[in-house]
Amino acid sequence: YPAAVYVTVHAMYAAGMLRALGTRPPPLITVVTDLVSIHAWWCFPQVDYCIVPTAPAKQCALRHGQAPEKVQVIGLPVPQIFARRPATKPPWAPG
């Protein structure tokens, strides 16, 4: 089935995905998980959006030439359950 959008979590695949999808591909989004310094390969200019976790990562993306209107800071895309403190302290926790 054709997709409405494609999401890549490794920018190395963006160029190949776009070639494989042909001349009118659906939007392509890259999700960057590096918190501060990101490699230039994350900033593939043909992606429609580049989602980054922090403001420093955004500044790095802009320095690598990513268009400002394509870079969006949203934090790390993880479920909220991982952000909550556990109800009890795990046995390996100090103190």
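Residues numbered from 1 in each chain as written. Predicted model: local features only at pLDDT ≥ 70, side-chain atom pairs only at ≥ 80, totals over all residues. Heavy atoms only, no water.

A. Inspection of the state of the cysteines at higher detail. For the coordinates displayed, the defined rule picks out 0 disulfides. A disulfide-free cysteine, C43 has its sulfur positioned 5.2 Å from the sulfur of C50, the nearest such atom. Given a relative accessible area of 7%, C43 falls into the buried group. Note on C50: relative accessible area 0%, which makes it buried. (Disulfide = S-S within 2.5 Å. Buried < 20%, exposed > 50% of the residue type's maximum accessible area, 1.4 Å probe, protein only.)

B. Highlighting the sheet that holds strand β1 (residues 6-8). Taken in spatial order, the 4 strands of this open sheet run β1-β2-β3-β4, and their pairing is parallel. Pairing within the sheet leaves two strands with one partner each, and these edge strands are β1 and β4 (71-73). Adjacent strand axes in the sheet meet at a mean angle of 25 degrees, parallel and antiparallel pairs treated alike. Relative to the sheet, helix α2 (residues 55-63) contacts β3 (49-52) and β4, its axis offset from that of β4 by approximately 170 degrees. (Pairing = 2+ DSSP bridges. Helix = DSSP H or I, 4+ residues; strand = E, 2+ residues; numbered from the N terminus. Axes fitted to C-alpha atoms, helices over the stretch in contact; angles between N-to-C directions. Contact = heavy atoms within 4.5 Å.)

C. Layout of the nonpolar core. With 10 residues, the main nonpolar core is built from V32, I38, W42, C43, C50, V52, A57, C60, A61 and V71. Every element with two or more residues in this core is listed here: β3 and α2. Of the residues forming this core, the biggest block, 3 residues, is contributed by α2. Sequence-distant contacts of A57, that is, excluding residues within four places in its chain, are made with D34, L35, V36, I38 and V52. (Core = buried A, V, L, I, M, F, W, Y, C linked by side-chain atoms within 4.5 Å.)

D. Spotlight on the pairing of β3. Here strand β2 (residues 28-31) runs beside β3; their pairing, made up of 3 bridges, is parallel. Each bridged residue has a counterpart across the sheet, and for T30 the counterpart in β3 is C50. Assessed by its sense of winding, the connection that carries the chain from β3 through α2 to β4 is right-handed. (Right-handed = clockwise from strand over helix to strand, strands pointing away.)

E. A look at α2. For α2, the complete set of buried residues consists of A57, C60 and A61. Projected down its long axis, α2 carries its buried residues within an arc of 100 degrees, all on one side. Taking the backbone nitrogen of A57 as reference, a side-chain oxygen 3.2 Å away marks T54 as the first, capping residue of α2. Of the residues flanking the end of α2, it is G65, one or two places downstream, whose phi is positive at about 100 degrees. (Arc of directions from axis to C-beta. Polar contact = N/O pair within 3.5 Å; in protein donor to acceptor, adjacent residues only side chain to side chain.)

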